[in-house]
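Residue-level structural notes
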Amino acid sequence: MGRAATWETWKPDPGNPNQHVAMLVDTSECIGCKACEVACKQWNLNEARINQEPGTYQSHPHLDAQTWTLIRFVERTNDQGEVEWLFQKHNCMHCTEAGCVTACPTDALQYGNYGVVTLDQEKCIGCAYCEQACPFDAIHVDRNPFNPRAQKAGKCTLCYDRITAGMQPACVKTCPTDCIKFGDRDALIEWGRQRVEELKARGFKNANLYGVDQLGGLHELYVLLEPPEVYGLPANPKISTWTKLWKYAVQPLGKLAVGAGLFGLAVNWVAARRAFLQGQAAGHGESDHAAGQS
Amino acid sequence: MTTSFWDLQNADVIVFMGSNAAENHPISMKWFLRGKEKGAKVIVLDPRYTRTAAKADMWVPFRSGTDIAVLGGLINYAIQNGKFHREYVVKYTNAPLLVHPDFQFHDGLFSGWDPEKQAYDRSTWGFQTGPDGQPLRDETLEHPQTVFQHIKRIYSEYTPERVSQITGIPVETFLKLAEIITDTGVPGKAATFVYAMGWTQHTKGVQNIRAATILQLLLGNIGVPGGGIAALRGHANVQGATDLAVLWHDLPGYLGIPNESHKDLATYLEKTTTKDSFWENKPKFMISLLKAWYGEAARPDNDWAFHYIPKVDSRWFSHYDIFQSIYEGTVKGLFVFGQNPAVGSANAGKIPQVMKNLEWLVVVDLFATETADFWHLFGNDPKQVATEVFFLPAAGPLEKEGSFTNSHRLIQWKHKAIEPLGEARSDGWYAVQLGKRLKALYANSTAKKDEPIRYLVWDYDDPDHPNDIDHLKVLKEINGYEVATGKPVSGFGQLKDDGSTACGCWIYSGILVEENGQLVNKADSRKPTAPNRPDGWVEAKGDGTTDYLHHGWGFAWPANRRVLYNRASADPEGRPWGKVPLVWFDHAAGQWKGVDVPDMLPVKPGEVRMGVRFDTPFIMKAGGLGGIWGGTSLVDGPVPVHYEPVESPVQNLLYRQQTIPTARTYQSPYDHYGTPDKYPIVVTTYRLTEHLTSGVMTRNLPWLAEAFAVPFVEISQELAREKGIRNGDLVEVETARGRVRVRALVTSRLKPLRLGDRVVHEIGLPIHWAPFSGVAGVQADITNTLTPQAVDANVQIQESKAFLGNIRKVTA
């Protein structure tokens, strides 16, 4: 598995779509260079958004429909009174119980192979329910009306197109310090736990591995130097009861309602057709052409 | 770099000082982090808490421009506490040698200072010699005229308290730092010092590096696993450009430019060759160079065409001298390849003003730059500018074949990935064409002065595509070949001084060899050692069997050696000092062996010639001894001592001599200097990961432009409070030379510095923005309008890391 081969050459097993892959970011070795951001934009041909706020090194205030991965910069003074600068590569966590999948009314968002949360932009209607449902602010709808992907949601795909072709995700491939690793999820968890122990031994008493249990297990794992909240990551992310209610009660009811509506329409159509045919039989030839058009 | 990135895993301590590797050499950071993973302590000395500091165990802020005070303090600490590697110092360095009896150092001046000439007479900086011509030595290090005693005396003033008052490092912090670093002053332990522009861009840039050299030699940290001084080079191929002497004061392979006192080749060789060193082979390298350049026209009867090479006089011809000469009217035409001096040069405001004096200007670049468009920008009226400007489109890095030589002297071949756009051509193509056309122009000249052009060997055409370069022809000339057969030489050991070999750059020799009748380009070799760790890298092993230095990948000069001076990794008997061996003497086989290519003369341990041990590690230095004492090699002193920058907020606490006396400033209506009463704040400049120098190659690409769009000045919380500035406010930074408006980035990553009983503030700005180039939304004022053209006397680098300014809040 993961540990036998080196991370750089690891590939998912094409014969086993139930295998869980993951990406692990060792933030202790992230240098905040943003090469991952650029590689992501380039591979996915996403457009540049020049919207940096003054007074920070962070390139964008948050993820957006064209920006699928972002280094978040956290500057703080720690318990020892020392300045600390933390970098966290933020993107879709590919949750096992995903808020976005739960909220999506058109099934554009689904659980795909290898544990990846997939997004089919063809099916996306831009309702933005996923935006509301994501506890990580990792999926957004493009509100630029001039963009070809206007009113479509966008987020990290875990480079599904690359990994299914035996390549590493673009950000992993480009990372100069190899702090982003891609591999078998269980093997990465084992590696991450070992790394946390090393960091603790070195004096990082708050070091922890994030993503093992959250939302049934994330497919984006982090070796963090400080508690998750310091990075703006929820320690116990939840899908709100309302989202679940929406998915498991309102939507089925709605579908039922839609079904009933369609039934009504069908009855209506049959009735209308009958009336039309009766009318045609009565010799209203003029309406022929119009009916053919409809 | 004396060392290799792959060897950094062996370091016990890694000290970044004058380097922000995580931001400016992100690829290298991988290897530093490998060292950290294996237990190295990482220390960052920098006024700012950078992205490198974010990965360090210890961040020590100090005032820009006081590096020698810090390093001098560490030297003093090592000597006073006996924390240095005595056997290494005695056997491998010039510490036991006796200095000229008339040498003196008093109040910041060395003996020989001539206030009229503003230069040193260096005759008292050398060593005392005995009747056999060899330097006198005292291995007890007790003789008062030994280098060791001089060093001990000079740095005795650099006490922790004094260092603290100069640099702003609290005494306790300095002592902790000193303890960690000097803990490596024992056999088997090593620290690496990493530097870049933070050490070089000062009026004492070369002396900053010399200070680290002294400390590292005292600690026995050069040439040993995990040791060394790592100079991180600024661009992909800046090391290659230096090696091939794209410089005014050198010839390829560091042979040195002849000057007007060198009437013939014999005089040049006599005066510039270091005796009792490997440099005794210099005649072979120099005559082979002349054969490479002038071919059949280089003959014994015309002194091998030595007189075709220009001879310099006492003037300088470096970057800033070029623009000063344009201002003075002596330089009339200018070629600019891949540079944007109107944005990237110090005192940038001067550049587009003096360029109006040019008759013609050629700019070769990927994008139109401020320099190419100077004639209608910066207040220049096109009607008043007579300069004829030619803009030629350049091919990008992926659009051309060639090689990169990176920081660890590793030459890697690269192939063209795609054809250049439109009529764009490589820089090499332009250079070859220029040479061809110049030769055609002078082909029928009979004037003596035109012979260097007429007889220049200039055959780089690709036989299959006459309008293209055959890059292997260029590489073969660099590598060297037998004149009679044209066969490449296998290394510089084959070069001769009888005209039978030609070689364009002796240190690269061995890069192109003939194996089984085939030309093999070693720079193109891609055979890494197989990983022995799950995360894909190769760990060094104590038994010396693992080639963790990847000798099958590319070619490192010289002779594919990865760690220079690696003889020093073993004791005088040839036994490795530490747990990881680099080289060792195999007594059974009677020869040196190693994980690396052994760096020494082919002699046995302890072999004595001409009265000195001849197996010492520093074979390019006299007697093979490491240069704790610099002797006469630099123009500004045999050892580094602390001077304040040309613009400084304080008096020199150590000497009456305020600044390094050899520093030069230029006289023009555009050169101004400020004083601390008007400009009390220390200003420094730097680069960011996201952009390259003047930003032309990055601000023009939307995906890179968005990565860092807003230029800024970093200021401490304390200074911000004092000045009523909030994060994100528009502010104006002013120096004696100019003003820029940028956004304030208020941060805890900069701290006010306490120098004794006063507080000094420091602010910093990146240099990547310019007012015209780039995609929409990433234009701004030019930071370099703030920086001074005050330069170092050895290499003429500008002091853009430490100068004076002020800051105030403004409204748009």
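Let's talk about the overall build of chain A
- When helices and strands are tallied, chain A shows eight helices and 10 strands.
- Computed over C-alpha atoms, the radius of gyration of chain A comes to 25 Å, more than 25% over the 19 Å expected from 2.2 N^0.38 for 294 residues, which places it beyond the range of a compact globule.
- Each principal axis of the C-alpha atoms in chain A carries an extent, and together these give about 95 × 45 × 35 Å.
- Here chain A holds 294 residues, and the buried ones make up 50% of them.
- Counting only contacts in chain A whose residues sit at least 6 apart along the sequence, the fraction spanning at least 24 positions is 61%.

Points about the environment of Gly-574 of chain B
Residues and elements named next belong to chain B.
- As for its position among the elements, Gly-574 is in the loop between strand S19 (555–556) and strand S20 (583–586).
- Given the relative accessible area of 2%, Gly-574 is considered buried.
- Not counting chain neighbours up to four residues away, the residues in contact with Gly-574 comprise Arg-567, Trp-584, Phe-585, Trp-592 and Pro-605.

Quick notes on unusual backbone geometry
- Residue Pro-558 of chain B is bonded to the preceding Trp-557 of chain B through a cis peptide linkage, with omega at -10 degrees.
- Mapping Pro-558 of chain B onto the fold places it in the loop between S19 and S20.
- One non-glycine residue, His-94 of chain A, lies in the positive phi region at around 50 degrees.
- Residue Leu-141 of chain B is not a glycine yet carries a positive backbone phi of 65 degrees.
- Within the element layout of this structure, Leu-141 of chain B appears in the loop between strand S7 (119–120) and helix H5 (147–155).

Things to note about the side chain of Asn-20 of chain B
- Mapped onto the elements, Asn-20 of chain B comes out in the loop between strand S1 (13–17) and helix H1 (21–24).
- Beyond its immediate sequence surroundings of up to four residues, Asn-20 of chain B is in contact with His-25, Arg-48, Thr-50, Arg-51 and Thr-52 of chain B.

Some thoughts on the sheet that holds strand S2 (residues 41–45) of chain B
Residues and elements named next belong to chain B.
- Taken in spatial order, the five strands make up an open sheet running S3-S2-S1-S8-S9, and their pairing is parallel. Each edge of the open sheet carries a strand with a single partner, namely strand S3 (58–60) and strand S9 (229–231). Geometrically, the sheet is characterised by an average inter-axis angle of 20 degrees between neighbouring strands, direction not taken into account.
- Here three bridges tie strand S8 (residues 191–195) to S9, and the two strands are oriented parallel to one another. Bridged to Phe-193 within S9 is Ile-229.
- Along the sheet, helix H2 (residues 26–37) contacts S1, S2 and S8; its crossing angle with S1, the most-contacted strand, is approximately 140 degrees.
- Contacts between helix H7 (residues 171–182) and the sheet are confined to S1, S2, S3 and S8, with S3 contributing the most and set at about 125 degrees to the helix.

Focus on the interface of chain B and chain A
- On the side of chain A, 43 residues touch chain B, which itself brings 52 residues to the contact.
- Note on chain B versus chain A: buried area summed over both sides is about 3,700 Å², and carbon and sulfur give 58% of it.
- The tally of links between chain B and chain A comes to six salt bridges.
- Here Glu-690 of chain B ties to Lys-34 of chain A by a salt bridge, and the two come within 2.9 Å at their closest N and O atoms.
- Taken together, the elements giving at least two residues each to the side of chain B that touches chain A come down to H1, H2, helix H19 (702–705), strand S26 (712–716) and strand S28 (739–747) of chain B.
- Residue contributions to the side of chain B that touches chain A peak at eight residues, all from H2 of chain B.
- A per-class count over the side of chain B that touches chain A returns 26 nonpolar, nine polar and 17 charged.

A word on the pattern of salt bridges
- Taken as a whole, this structure holds 54 salt bridges over all chains when the rule is applied.
- The salt bridge involving Lys-91 of chain B is made with Glu-139 of chain B; its shortest N-O contact spans 3.2 Å. Residue Lys-91 of chain B is located in helix H4 (residues 86–92), and its partner Glu-139 of chain B is located in the loop between S7 and H5; the two are separated by 48 residues in the primary sequence.
- By relative accessible area, Lys-91 of chain B is classed as partly exposed at 23%.
- Assessed through its relative accessible area of 37%, Glu-139 of chain B is described here as partly exposed.
- Of the charged contacts in the structure, one is a salt bridge between Asp-671 of chain B and Lys-350 of chain B, with a shortest N-O distance of 2.9 Å. Placement of Asp-671 of chain B in the loop between strand S24 (664–665) and strand S25 (681–686) and of Lys-350 of chain B in helix H15 (residues 350–354) is noted, with a sequence separation of 321 residues between them.
- Looking at Lys-350 of chain B, the relative accessible area reads 0%, which means it is buried.
- Taken together, the salt bridges that share partners define one network made up of Asp-178 of chain A together with Lys-30, Arg-34, Glu-37, Lys-38, Arg-533, Glu-539 and Lys-541 of chain B.

Thoughts on the layout of surface pockets
- Taken as a whole, the second largest pocket encloses approximately 1,100 Å³ of empty space.
- The set of elements that each furnish at least two residues to the lining of the second largest pocket consists of strand S3 (83–91) of chain A together with S3, H7 and strand S29 (753–755) of chain B.
- Of all the elements, S3 of chain A adds the most residues to the lining of the second largest pocket, at five residues.
- Class assignment for the residues of the lining of the second largest pocket results in 20 nonpolar, nine polar and 13 charged.

Points about the state of the cysteines
- This structure, assessed with the given rule, holds zero disulfides over all chains.
- Left without a disulfide partner, Cys-95 of chain A is nearest to the cysteine sulfur of Cys-92 of chain A, which lies 6.3 Å away.

With respect to helix H3 (residues 67–80) of chain B
All names here are of chain B.
- Between its terminal C-alpha atoms H3 stretches 20 Å, which fits the 20 Å expected from 14 residues at 1.5 Å a residue.
- Across the 14 residues that make up H3, a large majority, 13, are buried.
- Positive phi shows up at Gly-82, right after H3, with a value of about 60 degrees.

A closer look at the pairing of S1 of chain B
All names here are of chain B.
- The buried fraction of S1 is high, at five of five residues.
- A two-sided burial pattern is seen for S1, the buried positions comprising Val-13, Val-15 and Met-17 on one face and Ile-14 and Phe-16 on the other.
- Bridge analysis of S1 against S2 gives five bridges, and the strand direction is parallel. Residue Val-15 lies in a different strand from S2, and its bridge partner there is Ile-43.
- Bridging between S1 and S8 involves four bridges; their strand directions are parallel. For Phe-16, the partnering residue across the bridge sits in S8 and is Val-194.

Description of helix H9 (residues 205–218) of chain B
Residue and element names in this part refer to chain B.
- Its 14 residues place the ends of H9 21 Å apart at the C-alpha level, agreeing with the 20 Å of an ideal helix rising 1.5 Å per residue.
- The buried fraction of H9 amounts to 13 of the 14 residues, a majority that puts the element mostly inside the structure.
- In the stretch just after H9, Gly-220 is the one whose phi turns positive, near 65 degrees.

Looking at the pairing of strand S8 (residues 180–184) of chain A
Residue and element names in this part refer to chain A.
- Burial runs high along S8: five of the five residues are buried.
- Two elements, strand S1 (residues 21–26) and S8, share five bridges in a ladder whose sense is antiparallel. Pairing of Val-21 across the sheet is with Asp-184, part of S8.

Procedures and definitions
- Residues numbered from 1 in each chain as written.
- Chains lettered and ligands numbered in written order.
- Predicted model: local features only at pLDDT ≥ 70, side-chain atom pairs only at ≥ 80, totals over all residues.
- Heavy atoms only, no water.
- Helix = DSSP H or I, 4+ residues; strand = E, 2+ residues; numbered from the N terminus.
- Rg over C-alpha atoms; globule rule 2.2 N^0.38 Å.
- Buried < 20%, exposed > 50% of the residue type's maximum accessible area, 1.4 Å probe, protein only.
- Contact = heavy atoms within 4.5 Å.
- Pairing = 2+ DSSP bridges.
- Axes fitted to C-alpha atoms, helices over the stretch in contact; angles between N-to-C directions.
- Buried area = accessible area lost by both parts, 1.4 Å probe.
- Salt bridge = Lys/Arg side-chain N within 4 Å of Asp/Glu carboxyl O.
- Nonpolar A, V, L, I, M, F, W, Y, C, P; charged D, E, K, R; others polar.
- 1 Å grid on protein atoms, 1.4 Å probe; cavity = no way out; pocket = protein on both sides within 12 Å on 5 of 7 lines; lining within 4 Å.
- Points joined across faces, edges and corners; volume = space filled by probe spheres on them.
- Disulfide = S-S within 2.5 Å.
- Expected span 1.5 Å × (residues − 1).

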